There are 2 protein chains.
Amino acid sequence: MTPTIGVFDSGFGGLTVLRALVRRLPQARFAFLGDTARLPYGSKSRRTIARYAVQSAQFLVREQRAEFLVIACNTASALALEAIQEAVPVPVLGVIQPGAHSARAASRSGDVLVIATDATVHSHAYAAACHALNLRALEKACPLLVPLVEEGWIAHPVTEQVIRIYLDELTTDAAAQGFCPDTLVLGCTHYPLLRSLIERLSPAGIAVIDSAESTADAAVQLINGVRKPRRSMLDPFSGSKVGENTVQTEIRCFATDSVEKFERLGSRFLGRPVGKVEIIDLDG
Amino acid sequence: MTPTIGVFDSGFGGLTVLRALVRRLPQARFAFLGDTARLPYGSKSRRTIARYAVQSAQFLVREQRAEFLVIACNTASALALEAIQEAVPVPVLGVIQPGAHSARAASRSGDVLVIATDATVHSHAYAAACHALNLRALEKACPLLVPLVEEGWIAHPVTEQVIRIYLDELTTDAAAQGFCPDTLVLGCTHYPLLRSLIERLSPAGIAVIDSAESTADAAVQLINGVRKPRRSMLDPFSGSKVGENTVQTEIRCFATDSVEKFERLGSRFLGRPVGKVEIIDLDG
């Protein structure tokens, strides 16, 4: 049987994580839910975020019969992962641990930079995950990058200038604090769209970690571990080349309110048409 | 008796409207509510916005005893003004009509440009209000300006470049459509902080209308009209000079969730310390 993987985000940025998952698991079935009625989670309290995220996770497990959940939302991963894990009977993976593990694998100096939204930085979730792996992490909020991506200014001189300013500030801070960073984690699901620009503008010798890719790698490991008997069904190399998805992957997208922006911008994040987004009511 | 004026926004941008009101009515009492738990309204349906806005208005009237309400939120003004007017027994003023009326007064050509958020532009509320006054209006969404203001990049080369791009696109569109614009309406409560930059970068011969100021002017007229017997109490010129508020105006600020950003950024919008923001629960 084809496994169903539930992917959850407060908005549609998590479609970059779904994209990375589809590349690795083209034969899986995917249900993506964006809790667009209640975004942004970043400005809400932990209790509120946990309540919303649990409702969303339960929809994916109960209604969509997801056997695995990927929380493709940094804020929910930072503040509600345990609450979700307690609330649903399936394995749940967030985006923060995988990003930290990739940084651990990439870094020789042990000093890591993280760029993310204001809310993620304020949660210090990446710093905590890095510290647990004996890394030092310096986090920087880059609140203009999400609106720049959503404006479609992906390869745009203004975006280049903004990234330059943020990276300058971050590396200056790092030097002042005696850091020797060799790794930069993209700690926001919108940032993969800026990856090549960020790589080009990063100082020489800095490896850029795309936490969407790290999360998809970790998800494959988790799923293969849980579903050993059917491993071949899920082997990314069994049916089609990674990155060249010839299989017609089944993807259903749901949102909790207005789908206009989701449908308009989502395809750029998913790398294929998102198609019709179905509206559901989690309050109801 | 000192009148209490309720001011409502989905966030804290409406503090620019409150600022303009305080300058004109320094002896009034003000209660400001930012429905921060449920912002942004712009991505929500009309029904949801009306429900939230009515709850917020009822709080200001019932709990704070507001005798007048100013809806200092473009989305709520566009989509929920009538619902609020039906739900509360006090006069209610939005931000859109006053902006359109000021444009009518300023424009000779009858062709008006409007810059606003994506949600406000999609509602076409300014275009409708302008058309009702025999003006032609061309609206443009400028989604990067709010995050730039919130990043504090007020007099910043990036912000200047972004405004230049938006205004270029808008005036090019206007020319292509045979418009002869002589007036530009700032249709977002964040934009007054960029007013001088926008004025400097606007083409010669364009008058910039700050809808926060227009709304405050209209509020004074409305309040004086309703409270004729006590007019002198509310006369902006009775106690102190406009713009030089020597009276200790009483302002209470409320929010429905996290007040961190409100308290951190609000003072820049209000032009004075916002002080302690009280958290209330409208769902409860």
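Residues numbered from 1 in each chain as written. Chains lettered and ligands numbered in written order. Predicted model: local features only at pLDDT ≥ 70, side-chain atom pairs only at ≥ 80, totals over all residues.

## Concerning the overall build of chain A
Here's step 1: A tally of regular secondary structure across chain A gives 13 helices and ten strands.
Here's step 2: Taking 2.2 N^0.38 as the reference for a compact globule, 284 residues should give roughly 19 Å; the C-alpha atoms of chain A span a radius of gyration of 18 Å, in line with that estimate.
Here's step 3: On the principal axes, the C-alpha backbone points of chain A span a range of 55 × 40 × 35 Å.
Here's step 4: When burial is assessed residue by residue, chain A has 50% of its 284 residues classed as buried. (Helix = DSSP H or I, 4+ residues; strand = E, 2+ residues; numbered from the N terminus. Rg over C-alpha atoms; globule rule 2.2 N^0.38 Å. Buried ≥ 20, exposed ≤ 12 C-beta atoms within 10 Å, placed from the backbone.)

## Observations regarding the sheet that holds strand β2 (residues 29-34) of chain B
Residues and elements named next belong to chain B.
Here's step 1: The six strands lie next to each other as β4-β3-β1-β2-β9-β10, forming an open sheet whose pairing is parallel. One side of each edge strand has no neighbouring strand; the edge strands of this open sheet are β4 (92-93) and β10 (277-279).
Here's step 2: Where β2 and strand β9 (residues 250-255) come together, six bridges link them in parallel fashion. Bridge assignment links Ala 31 to a residue of β9, and that residue is Arg 252.
Here's step 3: Helix α1 (residues 15-24) rests against β1 (4-9), β2 and β3 (68-71) of the sheet, and its axis sits at about 175° to β2.
Here's step 4: Relative to the sheet, helix α3 (residues 74-87) contacts β3 and β4, its axis offset from that of β3 by approximately 160°. (Pairing = 2+ DSSP bridges. Contact = placed C-beta atoms within 7 Å. Axes fitted to C-alpha atoms, helices over the stretch in contact; angles between N-to-C directions.)

## Examining the environment of Thr 171 of chain B
Here's step 1: If you trace the backbone, Thr 171 of chain B turns up in helix α8 (residues 157-176).
Here's step 2: Each C-alpha atom of the pair Thr 171 of chain B and Gln 27 of chain B lies 42 Å from the other, and the pair is 144 residues apart in sequence.

## Comments concerning the sheet that holds strand β8 (residues 207-210) of chain B
Residues and elements named next belong to chain B.
Here's step 1: Pairing is parallel across the open sheet formed by four strands, whose spatial order is β6-β5-β7-β8. Every interior strand has two partners, whereas the edge strands, β6 (136-141) and β8, have only one. Strand-to-strand twist across the sheet, computed as the mean angle between neighbouring axes with direction ignored, equals 25°.
Here's step 2: Across the sheet, α8 is in contact with β5 (111-116) and β6; its angle to β6 comes to roughly 145°.

## Brief notes about helix α2 (residues 46-63) of chain A
All names here are of chain A.
Here's step 1: Taking 1.5 Å per residue as the helical rise, α2 with its 18 residues ought to reach 26 Å, and the 25 Å between its terminal C-alpha atoms agrees with that figure.
Here's step 2: Restricting attention to buried positions, one finds in α2 the residues Ile 49, Ala 50, Tyr 52, Ala 53, Ser 56, Ala 57, Phe 59, Leu 60 and Val 61.
Here's step 3: Positive backbone phi, approximately 55°, marks Arg 65, located one or two places after α2. (Expected span 1.5 Å × (residues − 1).)

## Here we look at the packing of helix α8 (residues 157-176) of chain A against α8 of chain B
Here's step 1: α8 of chain B packs onto α8 of chain A with a crossing angle of 165° between their chain directions and a minimal axis gap of 10 Å. Classified by the interaxial angle, the pair formed by α8 of chain A and α8 of chain B is roughly antiparallel. In the packing of α8 of chain A onto α8 of chain B, the handedness of the crossing is left-handed. Here Val 158, Gln 161 and Val 162 of chain A of α8 of chain A come into contact with α8 of chain B, specifically with Val 158, Gln 161 and Val 162 of chain B. (Parallel < 35°, antiparallel > 145°, perpendicular 65-115°, else oblique. Left-handed = near helix turned anticlockwise from the far one by under 90°.)

## Here we look at the domain arrangement of chain A
All names here are of chain A.
Here's step 1: Domain boundaries assigned for chain A yield domain 1 (4-94 + 213-279) and domain 2 (96-211).
Here's step 2: For domain 1 and domain 2, the distance between their C-alpha centres works out to 22 Å.
Here's step 3: If you look at the interface, domain 1 gives 23 residues, while domain 2 gives 23 residues.
Here's step 4: Looking at side-chain class alone, the side of domain 1 that touches domain 2 contains eight nonpolar, eleven polar and four charged residues. (Domains from an automatic or database assignment. Nonpolar A, V, L, I, M, F, W, Y, C, P; charged D, E, K, R; others polar.)

## A short note on the interface of chain B and chain A
Here's step 1: Listed as interface residues are 18 residues of chain B and, on the opposing side, 18 residues of chain A.
Here's step 2: Those elements giving two or more residues to the side of chain B that touches chain A turn out to be α7 (145-150) and α8 of chain B.

## Some words on the confidence of the model for chain A
Here's step 1: This prediction gives chain A a mean pLDDT of 91; 92% of its residues lie at or above 70.
Here's step 2: In the predicted assembly, ipTM is 0.88 and pTM is 0.90. (pLDDT = per-residue confidence, 0-100.)

## Brief notes about the nonpolar core
Here's step 1: Ranked by size, the top nonpolar core spans 182 residues in total, and within it Leu 21 and Ile 71 of chain A together with Leu 21 and Ile 71 of chain B carry the most contacts.
Here's step 2: The contact partners of Leu 21 of chain A, leaving out residues within four places of it in the chain, are Ile 5, Val 7, Phe 30, Val 70, Ala 216 and Ala 219 of chain A. (Core = buried A, V, L, I, M, F, W, Y, C linked by C-beta atoms within 7 Å.)

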